[in-house]
Amino acid sequence: CKGTAEFLLKNSDRAKYIWVDRDSAGILSTHAKRKPLDGYAGTAGWGKKSVQQFIRGGEVRRIETKRMQIERLAKSYPDRVHIISIDALVEETEAAMAQVSRFLGLEHEPILNRFTYCGQDFEGSDKYLGKMNDTPESVFTHQEIELIAAAVRRVRRLPTIDSELLRRVRRAAVGLRNGWAQ
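Residues numbered from 1 in each chain as written. Predicted model: local features only at pLDDT ≥ 70, side-chain atom pairs only at ≥ 80, totals over all residues. Heavy atoms only, no water.

With that settled, consider the packing of aromatic side chains. Under the definition given, this model contains zero aromatic pairs. When the ring centre of phenylalanine 103 is taken as origin, the NZ or CZ atom of lysine 16, which lies over that ring, is 4.8 Å away. (Phe/Tyr/Trp six-rings, centres within 6.5 Å; stacked < 30°, edge-to-face > 60°. Lys NZ or Arg CZ within 6 Å of the ring centre and 35° of its normal.)

It is worth spelling out the packing of helix α4 (residues 59-76) against helix α8 (residues 142-157) at this point. When two helices pack together, their arrangement is given by the angle between their axes and by how far apart the axes lie. Direction vectors running N to C along α4 and α8 enclose 50 degrees, while the axes themselves pass 9 Å from each other. Here α4 is positioned oblique relative to α8, judged by the angle of their axes. In the crossing of α4 with α8, the sense of the turn from one axis to the other is right-handed. Contacts between α4 and α8 pair Val60, Arg61, Glu64, Thr65, Arg67, Met68 and Glu71 from the former with Ile148, Ala151, Val152, Val155 and Arg156 from the latter. (Axes fitted to C-alpha atoms, helices over the stretch in contact; angles between N-to-C directions. Helix = DSSP H or I, 4+ residues; strand = E, 2+ residues; numbered from the N terminus. Parallel < 35°, antiparallel > 145°, perpendicular 65-115°, else oblique. Left-handed = near helix turned anticlockwise from the far one by under 90°. Contact = heavy atoms within 4.5 Å.)

It is worth spelling out the nonpolar core at this point. Considering soluble globular proteins, one finds that nonpolar side chains tend to be buried as a cluster. Judged by nonpolar contacts, the single largest core of 14 residues is most densely connected at Leu28, Val60, Phe140 and Ile148. Those elements giving two or more residues to this core turn out to be α2 (24-33), α3 (51-56), α4 and α8. The greatest single-element share of this core, amounting to five residues, is contributed by α8. In this structure, Ala5, Leu9, Trp19 and Ile70 belong to the second largest nonpolar core, which totals nine residues. (Core = buried A, V, L, I, M, F, W, Y, C linked by side-chain atoms within 4.5 Å. Buried < 20%, exposed > 50% of the residue type's maximum accessible area, 1.4 Å probe, protein only.)

Turning our eyes to something else, we now look at the packing of α2 against α4. In contact at an axis separation of 10 Å, α2 and α4 are set at 130 degrees when each is read in the N-to-C sense. By the criterion of interaxial angle, the relationship of α2 to α4 is oblique. In the crossing of α2 with α4, the sense of the turn from one axis to the other is right-handed. Contact residues: α2 offers Ser24, Ile27, Leu28 and His31, while α4 offers Glu59, Val60, Arg62, Ile63, Glu64 and Arg67. Here the contact of α2 with α4 is built from residues that sort into four nonpolar, two polar and four charged. (Nonpolar A, V, L, I, M, F, W, Y, C, P; charged D, E, K, R; others polar.)

For the rest of this paragraph, the subject is a nonpolar patch on the surface. Together, Ile18, Val20, Leu104 and Leu106 make up an exposed nonpolar region whose accessible area comes to about 310 Å². When you line up the elements, leucine 106 lands in the loop between α6 (93-104) and β3 (116-117). (Patch = residues over 30% accessible without salt bridge, like charges linked within 9 Å, V, L, I, M, F, W, Y side chains within 5 Å. Areas by Shrake-Rupley, 256 points an atom, 1.4 Å probe, with all protein chains shown as cover. Salt bridge = Lys/Arg side-chain N within 4 Å of Asp/Glu carboxyl O.)

For tryptophan 19, the position within the fold is in strand β1 (residues 17-21). Residues tryptophan 19 and alanine 74 lie 55 residues apart in sequence; the distance between their C-alpha atoms is 9.5 Å. The residues touching tryptophan 19, leaving out its near neighbours within four places in the chain, are Lys66, Ile70, His82, Ile83 and Ile84. A polar contact is formed between the side chain of tryptophan 19 and the side chain of aspartate 21, at a distance of 3.1 Å. (Polar contact = N/O pair within 3.5 Å; in protein donor to acceptor, adjacent residues only side chain to side chain.)

What follows covers the side chain of serine 24. Structurally, the position occupied by serine 24 is in helix α2. In this view, serine 24 contacts Val60, Ile63, Glu64, Arg67, Ile148 and Val152; residues no more than four positions away in its chain are not counted.

With respect to the helices and strands, the residue aspartate 79 is situated in the loop between α4 and β2 (81-85). In this structure, the C-alpha to C-alpha distance between aspartate 79 and leucine 104, residues 25 residues apart in sequence, is 9.7 Å. Residue contacts for aspartate 79: discarding those within four places in its chain leaves Lys16 and Phe103.

On to the environment of alanine 88. Within the secondary structure, alanine 88 is located in helix α5 (residues 86-91). C-alpha separation for the pair alanine 88 and valine 20, spaced 68 residues apart in sequence, amounts to 9.6 Å. Apart from the residues lying within four places of it in its own chain, the contact partners of alanine 88 are Thr93 and Ala96.

Any functional reading would require information that these geometric values do not contain.
Structure follows, in structure tokens:
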């Protein structure tokens, strides 16, 4: 849900938020390589799209906007928002999970270093451990990676609008439309 992390952090002093971060090129390489899952809306639009289609379709903007939102939350709530790299989780699992355990105030347990679901080892997970499977370099050309990087730079240079300021602007626009302020 949009804004859920911010809502929880503002309204619960005990809430903590962990963000697993991956850059736009990494996320798009996964989207480009994998097929959409039947019945799962989260994978709609995945599949054999060109980098230009992803960029024109707003995917880089969507990814980077969310990443910037999380970065702002981490600055506002440094003890309650933890950003961890997907690369660290995959390639340095034990160290990454020890870091997550400390953030949560938990004792680090060995089960946290394994790929599990509901406490059970995930069958066949060994082939996925210790390496990234969908790297930008394995999916895109150097030129396509550069296009994504340029799109990221464009998005990150755009000014961000504080949500409260945006609400005030919208209210003022509605008021003007209704003739409240003249």
